[in-house]
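Tertiary structure, described
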Amino acid sequence: MPTPSAPQQASRNATRWIYAFDDALPPGHNEPKALLGGKGASLAAMSRAGLRVPPGFTITTAACRHVMDHAGAWPAELEQQVRAALEQLEARTDRRFGQGPQPLLVSVRSGAAVSMPGMMDTLLNCGVHPGLADEVGDTPGFWRVYMQFVIAFAKSAAGIDLAEQIDTRADAKPSRELARQYREAYERAAGKPFPDQPWEALVQGIDAVFNSWSSERANAYRKQHNIQGLAGTAVNVQVIFPSHVSGVLFTVDPNALAAERMVVEASHGLGEAVVSGDVTPDRFLVDRNDFTRIETHLGQRGDVVASLGDETGPPDQSTLTANQLLELCELARNVETHFDAPMDIEWGWSHGQFALLQCRPIRGLDVARAVEPARQAEIARLRTLVGPGKKARRVWVAHNLGETLRTPTPLTWDIVRRFMHGSGGFGLMYRDLGYRPSADVCEHGFLELIGQRIYADPERLAGLFWDGMPLRYDLDAVLHDPGTLDRAPTIFDPERADGTFLIRLPRLVTAMFRCARKVRRDRYTAKQHFEQQVLPPYLDYIRAKHAQNLANLSTPDLIVELHDRRRRVLDQFGKESLKPGFFGGLALGELRQRLTQLMGPTEGERYTNALTTALDGDTTYEQDAMLEDVAHGRADMPEFLERFGHRTGGEMELAEPRWREDPSYLEQIATRLRKDTGPSLAERHAQNVAKRHDAERKLPDALAHHGGSAFRERIDEQLQLARTLLPYREAGKHYLMMGYELIRQAIVELGRRWDLGRDVFYLQLDELDRFEHDRDALLETLEQRKVHCQALQRLDMPNVIDSATLDALGQPPELEGADAFEGSAVSAGTAIGVARIVRDPREAGDLGEGYILVCPSTDPGWTPLFIGARGLIVERGGTLSHGAIVARDFGIPAIVCPNATRLIHSGDELRVDGNTGRITVTRRETDHA
């Protein structure tokens, strides 16, 4: 533990490191949060307003910065100022710190200028120690408080979880002996004595809060939420209010703004259990206009954090009476009026009196208020796209790009949308093959961002192939099977033909035949062309750009460099990286069509999958196999990052740090892999290769059985092409992401020099040139855009949008509680396992083994989670989606089932049939107990 400097006589010029809650700030401090942190500033504001706040003092954020900059040493004057502030608390409360039958106990809490809930440390009942038992009473109640303090202190000050250090009976009563066991467990783990003296415990508690500013979770939170430029955390030392009941109150319901009600959550004991989520509190919904109209929901009693003398009420009774709720809501109304904003308030009740322990504006209320206006704006915009007339109709279908780009930031969307235009890399590939995208597709593309999700517009997508040919998609067929859009349109619509169509028809037909010949011809040389002509100069470019120091470029030159990288990577290389996988997909489609015609849908699909699993050159398999080697010491992390560090989860989002920037997720996966006792990935891969060879050996007999021997030569040719080229669907993206990382580097450098951090991704591409000139206006636009984007992300968007039902856009669908669901089979086989719902691979935790992975969609960041999985269920994707390809390589069944994360609950036992697409819930999670 860093030792504070010895007390010194304070001089008139000594820096002031501490402010009591009711102290006035010195002149020049116009931003209380910057000096006192958000929590300290709110406590000070409430105290000066005369509200019921237990007294205390705040150690400034500048003190934290000093400690961080001086290897943990306190400023010279800080110890003396803490002692003086503590003496003032003793005088105000007429109690002695850690002494007497009614000792003064304090909480020690963090409080940065920007709220970081749960990221830093809190210590309650600081000042309690074994010697107090002789004065307070040697009772189980006292030892309960003391043991809770020991457990919390161990966690905060030393990162020790005593639950892992000591094994006690669940019904063991708190006692002096049990407390001694906890202290000894701490001392064994920490290698030092547990602090006996209240002052020593307070000093170490303050240090724990300072140190938590640099904890892994706090650093990750600041990085994720783009929190920059803060000095550190303040430390709030406050008299413990001995709450018999405590909780939180929202002066408006953030989840139901139109309900015009306050939300009160209450639990016995101190409020930490309610805030942390350790108990299910009582919940009261109180009408804002008439506090006597109350809706009550009793929670579940748990292990609450107690205070000295605390007595909890009967478990079957409400924590608060109607009169108490009325008093609390009136107090909350006064707080809201004082701050002129809806407030989130922490409160306590003891001996007939309420106290306010903290308050702050309700987080995310601006986003909640923006949701419905944003939804209505999307509906109005789509109606404009539909156009006038009762017969006008449009349909939009979730595009598979959404698998790795779920809710793109504005700058990412600008760049990706250009890539997907007819004149971007995606469209250039089609043009190289002989297709003729329309002028509309070249200028606007065929994708639409709706509700911050990516959809394909069949109306415009039809123009990707043959400009001037009046072809369209059957919208009813698209609604029935969105996979219809994976193929070119086939409906001839004479109403779309203009007066010159018949004149141009011969040239169009000729172009179509030439295109077909070129596609058939080029597929045979696609691999050689890519590997020998395209890839070597591209990799040279990547190496050269990694050596470039972007910090040396002027801002205009840096923006030019960004555009150059975008064109070189996404247009020039992008079109080439797509071709081998495109040809592989065509070969696979032809193979599947031939086998299903001969064998029937089920058997043909099974053979197709078996013949094309565990292919050579799959970069996803190579990535996961190498990470497994890292986990078991056969390779090291720097080697892995050298080869795969340009990848990440959700990697099409440019705002996402690459693995080489933040390898923490990889470390988590490596830790999980070290615990895996099942077959290695290499062994599983070998088993799947053996299955593929077995299917190949049996193919001639199977063809003969179904009367298809005459097609064997053609089938062998299609199979060879599919095996050769399908791995490039992943390999092409692997190389493309190398250049994508270069694009991100240029944007990140702009964010650094403009002090925007991750917020730079909420600018648009055409705003970069004028940002420095119009900074203030664009910063305001940026903040509004962030709120709008976050509001749209809260909409429940369907996979298919029909303009005939736009009024329901973004609202949750009506789901029936069925025990079986039908989806689309994308990887064959059957499996039974327990569902594990995961929405973000970085938050997966320990999933155990033999589970069914249920998630919205997958990308390379998810594939390590496949290792312990028996099956996969995704809400989006198709046969050639990342999840389907990896599932087939792992030999596990996979199904695409919209709304799967709603229909299925974590813990449900499932049977997944990847042959038919049927998911059966064999036992609900609630039945397991």
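Calculation rules
- Residues numbered from 1 in each chain as written.
- Predicted model: local features only at pLDDT ≥ 70, side-chain atom pairs only at ≥ 80, totals over all residues.
- Heavy atoms only, no water.
- Helix = DSSP H or I, 4+ residues; strand = E, 2+ residues; numbered from the N terminus.
- Rg over C-alpha atoms; globule rule 2.2 N^0.38 Å.
- Buried < 20%, exposed > 50% of the residue type's maximum accessible area, 1.4 Å probe, protein only.
- Contact = heavy atoms within 4.5 Å.
- Pairing = 2+ DSSP bridges.
- Axes fitted to C-alpha atoms, helices over the stretch in contact; angles between N-to-C directions.
- Expected span 1.5 Å × (residues − 1).
- Core = buried A, V, L, I, M, F, W, Y, C linked by side-chain atoms within 4.5 Å.
- Bend = angle between axes of the 7 residues up to and from the residue.
- Left-handed = near helix turned anticlockwise from the far one by under 90°.
- pLDDT = per-residue confidence, 0-100.
- Parallel < 35°, antiparallel > 145°, perpendicular 65-115°, else oblique.
- Salt bridge = Lys/Arg side-chain N within 4 Å of Asp/Glu carboxyl O.
- Disulfide = S-S within 2.5 Å.
- Polar contact = N/O pair within 3.5 Å; in protein donor to acceptor, adjacent residues only side chain to side chain.

In terms of regular secondary structure, the chain is built from 29 helices and 25 strands. For a compact globule of 929 residues, the expected C-alpha radius of gyration is about 30 Å, and the chain comes in at 32 Å, within 12% of that figure. Counting only C-alpha atoms and orienting by the principal axes, one finds that the chain spans roughly 100 × 60 × 60 Å. In the chain, buried positions account for 53% of the 929 residues. Long-range pairs, those at least 24 residues apart, make up 68% of the contacts in the chain with a sequence separation of at least 6.

The sheet built from eight strands is open, its strands ordered β18-β25-β24-β20-β21-β22-β23-β19 with mixed pairing. In this open sheet, the two strands that pair with only one neighbour each are β18 (820–822) and β19 (824–827). Direction aside, the axes of adjacent strands within the sheet are offset by 30 degrees on average. Across three bridges, β18 lies against strand β25 (residues 918–923) in antiparallel orientation.

Looking now at unusual backbone geometry. Peptide bonds are, in most cases, trans, and in most cases residues other than glycine have a negative phi. Positive phi, close to 55 degrees, is recorded for A71, a residue that is not glycine. Relative to the helices and strands, A71 resides in the loop between α2 (61–69) and α3 (78–93). Unlike most non-glycine residues, D94 shows phi in positive territory, near 55 degrees. For D94, the position within the fold is in the loop between α3 and β3 (106–112).

This part covers helix α7 (residues 198–212). In this model, α7 (15 residues) spans 21 Å end to end at C-alpha, consistent with the 21 Å of a helix rising 1.5 Å per residue. Most of α7 is tucked away: 13 of the 15 residues are buried.

This part covers the nonpolar core. Burial of nonpolar side chains together is a common tendency in soluble globular proteins. Formed by 87 residues in total, the largest nonpolar core has its most connected members in I743, I747 and L768. No other element matches helix α26 (residues 728–753), which puts 12 residues into this core.

Further remarks concern helix α18 (residues 526–546). Note on helix geometry: an α-helix contains 3.6 residues per turn, so any two residues three or four positions apart are oriented the same way. Between its first and last C-alpha, α18 extends 28 Å over 21 residues, near the 30 Å set by a 1.5 Å rise per residue. In the structure, α18 departs most strongly from a straight axis at L535, where the bend amounts to approximately 45 degrees and where the proline P536 lies between one and four residues downstream. Where α18 is buried, its residues meet α17 (501–522), α19 (555–599), α25 (712–725) and α26.

Let us now look at the sheet that holds strand β14 (residues 453–456). Across the sheet, which stays open at both edges, the four strands sit in the order β13-β14-β12-β17 with antiparallel pairing between neighbours. The open sheet has two free edges, formed respectively by β13 (447–450) and β17 (800–802), since each of these has just one partner strand. Direction aside, neighbouring strands of the sheet carry axes that sit 35 degrees apart on average. In the packing of helix α11 (residues 365–386) onto the sheet, contacts are made with β12 (395–398), β13 and β17, and the angle to β13 comes to roughly 155 degrees.

Two elements in contact, α19 and α25, have axes whose closest approach is 8 Å; the angle formed by their N-to-C orientations is 145 degrees. With respect to the hand of their crossing, α19 and α25 are arranged in left-handed fashion. Judged by residue contacts, P580, G581, F583, G584, A587, L588, E590, L591, R594, L595 and L598 of α19 engage R714, I715, Q718, L719, L721, A722 and L725 from α25.

Attention now goes to the pairing of strand β20 (residues 830–837). Pairing of β20 with strand β24 (residues 909–913) involves five bridges; the strand directions are antiparallel. Following the sheet pairing, G833 is matched in β24 by L910. Across four bridges, the pairing between β20 and strand β21 (residues 851–855) is parallel. Note on β21: the bridge partner recorded for R836 is L853.

Another aspect to go through is the confidence of the model for the chain. Averaged over all residues, the pLDDT of the chain equals 86, while 90% of them reach at least 70. Model confidence for the chain, summarised as mean pLDDT per element, is weakest for helix α9 (residues 272–276) at 42 and strongest for α18 at 97. Per-residue pLDDT stays below 50 along residues 302–306; that stretch engages in 23 contacts with residues further than four places along the chain or on separate chains. Within the model, pLDDT remains below 50 along residues 311–315, and this stretch shows seven contacts once partners closer than five positions in the same chain are excluded.

Quick look at the side chain of R744 now. Within the fold, R744 resides in helix α26. According to the relative accessible area criterion, R744 is buried, its value standing at 6%. Among residues more than four places away in sequence, those in contact with R744 are L654, A655, E656, P657, R658, E661 and F761.

Turning our eyes to something else, we now look at the packing of helix α20 (residues 601–611) against helix α24 (residues 681–705). For the pair α20 and α24, the least separation of the axes is 8 Å and the interaxial angle reads 135 degrees. As judged from the angle between their axes, α20 and α24 are oblique. Once α20 is placed against α24, the crossing between them reads as left-handed. Here Y607, A610 and L611 of α20 lie close against α24, whose contacting residues are R692, A695, E696, K698, L699 and A702.

Our focus in this paragraph is the pattern of salt bridges. Inspection of the entire model under this criterion finds 65 salt bridges. For the salt bridge of D807 with R383, the shortest nitrogen-to-oxygen distance reads 2.5 Å. Of this pair, D807 sits in the loop between β17 and β18 while R383 sits in helix α11, and the two are 424 residues apart along the sequence. Overall, D807 belongs to the exposed group, its relative accessible area being 54%. Between R393 and D476 there is a salt bridge, and its shortest N-O distance comes to 3.1 Å. Placement of the pair is R393 in the loop between α11 and β12 and D476 in helix α16 (residues 475–480), with a sequence separation of 83 residues. One salt-bridge network, in which partners are shared between bridges, spans E378, R381, R394, E448, D457 and R460.

Once that is clear, we can look at the state of the cysteines. Considering all chains together, one arrives at zero disulfides under this definition. Residue C126 stays outside any disulfide, its sulfur separated by 18 Å from that of C64, the closest cysteine. With relative accessibility at 0%, the residue C126 sits in the buried group. Unpaired in terms of disulfides, C329 finds its nearest cysteine sulfur in C359, a separation of 15 Å.

What follows concerns the environment of D253. The residue D253 is located in the loop between β6 (245–250) and β7 (261–268) in this model. Taking the relative accessible area as the measure of exposure, D253 reaches 3% and is therefore buried. Taking the C-alpha atoms as reference, D253 lies 9.4 Å from V264; in sequence the two are 11 residues apart. A distance of 2.9 Å separates the side chain of D253 from the side chain of R261, its partner in a polar contact.

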